[in-house]
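# Structure assessment
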Amino acid sequence: MTYAITQTCCNDATCVAVCPVNCIHPTPEERAFGSTEMLHIDPRACIDCGACADACPVDAIFPVDSLSAGQREYADINAAYYEGAEPLAAEVDGPNFHAWGEPVFERNLPSDFGPLRVAVVGTGPAGMYAAQDLLLHTAAEVTLIDRLPVAGGLVRYGVAPDHPATKKVGDTFSRFHSHPRVRMHLGIEVGRDVTAEELSAHHDAVVYAVGASTDRRLGVPGEETPGCLSATVFVAWYNAHPEAVAQGVDLSAERVVVVGNGNVALDVARILVADPEALAATDIAAHALDALRASRVREVVVLGRRGPEDAAYTRSELLALKHVPGVELVVDGHDPRTAAAIDAAGAGDRAGALKGLARVRTDAASPTGGERRIVLRFHSEVVEIRGEGDGVHSVRVTDGGGDGDGGGTADLAAGLLLRAIGYRGLPVPGLPFDETSGTVPHEGGRVAGVPGSYVVGWIKRGPSGGIGANRTCAAETVGTLLADAVAGELPAPTGDAKAFRRLARQRNRRVVDARGLAAIDRAERDRGRRDGRPRVKLATVEELVATARSGRLLRLGR
């Protein structure tokens, strides 16, 4: 028996580090790492030890003989990755099954080097991988800062609620929230409550992990029409982000158009047509669950500007979409190039995953009744969004018209349009910013022209790569920071940790610390137990702050 990595692979390579036979590839040292959609286990070399499954932070690894019907194809995907490759040669002179490289200790400080005090701005995966790196490899003291009064970032507010395994990576990070060398200041925003200069004055170094919090625009007529939203807003809405409007999404229309064909586009399409009672077992926002129960949406049309061979979603996410109960996945055949690409694709190609799906033509009118479905429409762009003050009525899109020239247009009746065409970073006050890329200019994570300041995650490299990609990204940034420390290139702070704590609380009386965060976690889990759910999230800043404060006072006996 062998193990297989499945759809929820986060690519952080924890499994690679514990595998005793080096059968998981690509490794972080290999060129393909970071460009493949997921890691793969070689069935010829796997010894069934289960170490990878135990170490996986997102429960993506299972024995092949225990895979569910919807997961069995991942055994073939893992095996196909190694087709034509030479099997690993066993070492004959020792107990290991492969040769180990020389040990490398890239991120450490000399033994006589005093502990650094580092601020990490942002508590999503990028920030927490950086904090983890510092805490595990050095004696650094870490200050965690987030503009929201709760930690988690992308894990809490970006991962779809029906992907609970992916959310488990948050458990890995949460163990550092109460670490003895960590101080937490949640609800503090750089540029509003404290300046970048003030942060630097109280720390040896500052790592910014602020992500890419806004979205890209379509730039077409009618984009300001009510009912034309970004996927960022929609994802925040169903994940109970405190800045999302609780009753802000109208689901009274039978058809929704989603522009873009990346993983986020598939996420929002899936949530829109999923069985609400299945979602009731997740941590989806209570207001979103109520709206989805009353929803009239029957069809989601996902528009891709290019063909199926160039789709931005991962193959594993598409395969999972085939197994959503009660939802039909079909391909719009309006352009003959779509069918040609699918028919010519190999089994391992992205377009090949669409073989066997029904091919339809999307009618102008919205569907009435029938099975819920998701329509993948390629070679199609939005030309205009039509509607009035009461919302979107229809979406004009390019249409191949049967001859493949793409010169025609078609109007699709729709009551909601969600654009999922990419995220974009925002400027950080006090740091340089590249308007073209939406990132902070840097060299190996070191902010250009601002000594002692560093970036990690999407604000560093742009909105690419999933959760696990932040691990290697953080390793590079922390390595650069430590090299600068050893070289004596970090500016000396003028204030200490206590002074920063006083400053933070003077500027914002509603700061949440680790005890307050623990109180929020307890309250949400208690609410979830009452409703038979993993947790019911507190959905407003006021609720979060009040819960944090009441829980902290209770622990103090007041």
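The structure presented is a predicted model; accordingly, all values stated were derived computationally and were not measured.

Moving on to the overall build of the protein. In terms of regular secondary structure, the protein is built from 19 helices and 23 strands. Radius of gyration (C-alpha) of the protein: 25 Å, near the 24 Å computed for a compact globule of 558 residues. Here the C-alpha coordinates of the protein stretch approximately 70 × 70 × 50 Å along the principal axes. In the protein, buried positions account for 53% of the 558 residues. Intrachain contacts of the protein at a sequence separation of at least 6 include 75% that bridge at least 24 residues.

Positionally, L329 belongs in strand β13 (residues 327-332). Judged by its relative accessible area of 8%, L329 falls in the buried class. Between the C-alpha atom of L329 and that of C15, which follows or precedes it by 314 residues, the distance is 32 Å. Not counting the four nearest positions on each side in its chain, L329 is found in contact with L318, L321, K322, L357, I374 and L376.

As a further point, take the side chain of N11. Mapped onto the fold, N11 is located in the loop between β1 (3-5) and α1 (14-18). Exposure remark for N11: the relative accessible area of 13% places this residue in the buried category. A polar contact of 3.0 Å, which involves the side chain of N11, links it to the backbone oxygen of E37. Discounting chain neighbours no more than four positions away, the residues touching N11 are F33, T36, E37, M38, L39, G468 and A469.

This brings us to the packing of helix α9 (residues 231-238) against helix α10 (residues 263-273). Relative orientation of the contacting elements α9 and α10 amounts to 50 degrees, with a least axis distance of 11 Å. Considered as vectors, α9 and α10 are oriented oblique to each other. In terms of crossing hand, the pair formed by α9 and α10 is left-handed. Along its contact with α9, which presents A231, F234, V235 and Y238, the element α10 presents V264, D267, V268, I271 and L272. Across the contact of α9 with α10, the residue classes break down as 8 nonpolar, no polar and 1 charged.

Let's shift gears to the side chain of R255. Counting through the fold element by element, R255 comes out in strand β11 (residues 255-259). Of the polar contacts made by the side chain of R255, one reaches the side chain of E299; its length is 2.7 Å. In terms of polar contacts, R255 uses its side chain to reach the backbone carbonyl oxygen of A413, at 3.2 Å.

Time to look at the sheet that holds strand β14 (residues 358-360). Here 7 strands make up an open sheet; going across it, the order is β10-β19-β11-β12-β15-β13-β14 and the pairing parallel. On the outer flanks of this sheet lie β10 (228-230) and β14, each paired with one strand and no other. Each adjacent strand pair in this sheet contributes to an overall mean axis angle of 25 degrees, direction not counted. By the bridge criterion, 3 bridges tie β10 to strand β19 (residues 416-419) in an arrangement that is parallel. When the bridges of β19 are listed, C228 appears paired with L417. Lying over the sheet, α9 contacts β10 and β19, oriented at roughly 75 degrees with respect to β10.

Moving on to the environment of E243. Turning to its location among the elements, E243 is positioned in the loop between α9 and β11. With 298 residues separating them along the chain, E243 and V541 place their C-alpha atoms 7.9 Å apart. Discounting chain neighbours no more than four positions away, the residues touching E243 are R147 and L148. A polar contact of 2.5 Å, which involves the side chain of E243, links it to the side chain of R147.

As a further point, take the nonpolar core. Membership of the largest hydrophobic core comes to 121 residues, with the highest contact counts inside it found for I24 and Y238. When neighbours within four sequence positions are excluded, Y238 is seen to be in contact with A160, P161, D267, V268, I271, I284, A285 and A288. In terms of nonpolar packing, the next biggest core, distinct from the first, is built from 21 residues, Y208, V428, V440 and V447 among them.

Attention shifts here to the pattern of salt bridges. Per the stated rule, a full pass over the model turns up 37 salt bridges. Close ionic contact of R419 with E223 constitutes a salt bridge, the shortest N to O distance being 3.7 Å. Of this pair, R419 sits in strand β19 while E223 is found in the loop between β9 (214-215) and β10, placing the two residues 196 residues apart along the sequence. In this structure E223 comes out as buried when scored by relative accessible area, which is 6%.

One can find V194 in the loop between β7 (182-186) and α8 (196-201). Between the alpha carbons of V194 and S178 there is a distance of 23 Å; along the sequence they are 16 residues apart. With near-sequence residues (within four places) excluded, V194 lies in contact with I188, E189, L199, F500, L503 and R507.

What follows is about the packing of aromatic side chains. Evaluated as defined, the whole model comprises 5 aromatic pairs. Judged by centre distance (5.1 Å) and plane angle (80 degrees), the ring pair of Y81 and Y82 falls under edge-to-face. Between F234 and Y238, the ring centres sit 5.3 Å apart and the planes meet at 90 degrees, which makes this aromatic pair edge-to-face. Highlighted residues: F234 and Y238, both in helix α9, separated by 4 residues, approximately one helical turn. The same class applies to F234 and to Y238, which are both buried. Chaining the aromatic ring pairs together yields one cluster made of F234, W237 and Y238.

A few words now on the sheet that holds strand β18 (residues 408-413). Read from one edge of the open sheet, 3 strands run β16-β17-β18, paired in antiparallel fashion. Lying at the two open borders of the sheet, with one neighbouring strand each, are β16 (382-388) and β18. Recorded for the sheet is a direction-independent mean angle of 25 degrees between the axes of neighbouring strands. Inspection of the sheet shows β16 paired to strand β17 (residues 391-399) by 6 bridges, in the antiparallel sense. Along β17, the bridge assignment pairs I385 with V395.

A separate point is the packing of helix α4 (residues 125-137) against helix α16 (residues 469-486). In helix packing, the relevant descriptors are the interaxial angle and the interaxial distance, both defined with respect to the helix axes. At a minimum axis separation of 8 Å, α4 and α16 run at an interaxial angle of 50 degrees. The angle between α4 and α16 places the two elements in the oblique class. Both α4 and α16 take part in a crossing whose hand is right-handed. Contacts between α4 and α16 involve P125, A126, Y129, A130, D133 and L134 on the former and, on the latter, N470, R471, A474, A475, V478 and L482. The class makeup of the residues in the contact of α4 with α16 is 9 nonpolar, 1 polar and 2 charged.

Cut-offs and rules
- Residues numbered from 1 in each chain as written.
- Predicted model: local features only at pLDDT ≥ 70, side-chain atom pairs only at ≥ 80, totals over all residues.
- Heavy atoms only, no water.
- Helix = DSSP H or I, 4+ residues; strand = E, 2+ residues; numbered from the N terminus.
- Rg over C-alpha atoms; globule rule 2.2 N^0.38 Å.
- Buried < 20%, exposed > 50% of the residue type's maximum accessible area, 1.4 Å probe, protein only.
- Contact = heavy atoms within 4.5 Å.
- Polar contact = N/O pair within 3.5 Å; in protein donor to acceptor, adjacent residues only side chain to side chain.
- Axes fitted to C-alpha atoms, helices over the stretch in contact; angles between N-to-C directions.
- Parallel < 35°, antiparallel > 145°, perpendicular 65-115°, else oblique.
- Left-handed = near helix turned anticlockwise from the far one by under 90°.
- Nonpolar A, V, L, I, M, F, W, Y, C, P; charged D, E, K, R; others polar.
- Pairing = 2+ DSSP bridges.
- Core = buried A, V, L, I, M, F, W, Y, C linked by side-chain atoms within 4.5 Å.
- Salt bridge = Lys/Arg side-chain N within 4 Å of Asp/Glu carboxyl O.
- Phe/Tyr/Trp six-rings, centres within 6.5 Å; stacked < 30°, edge-to-face > 60°.

Any link to function would need more than the numbers given here.
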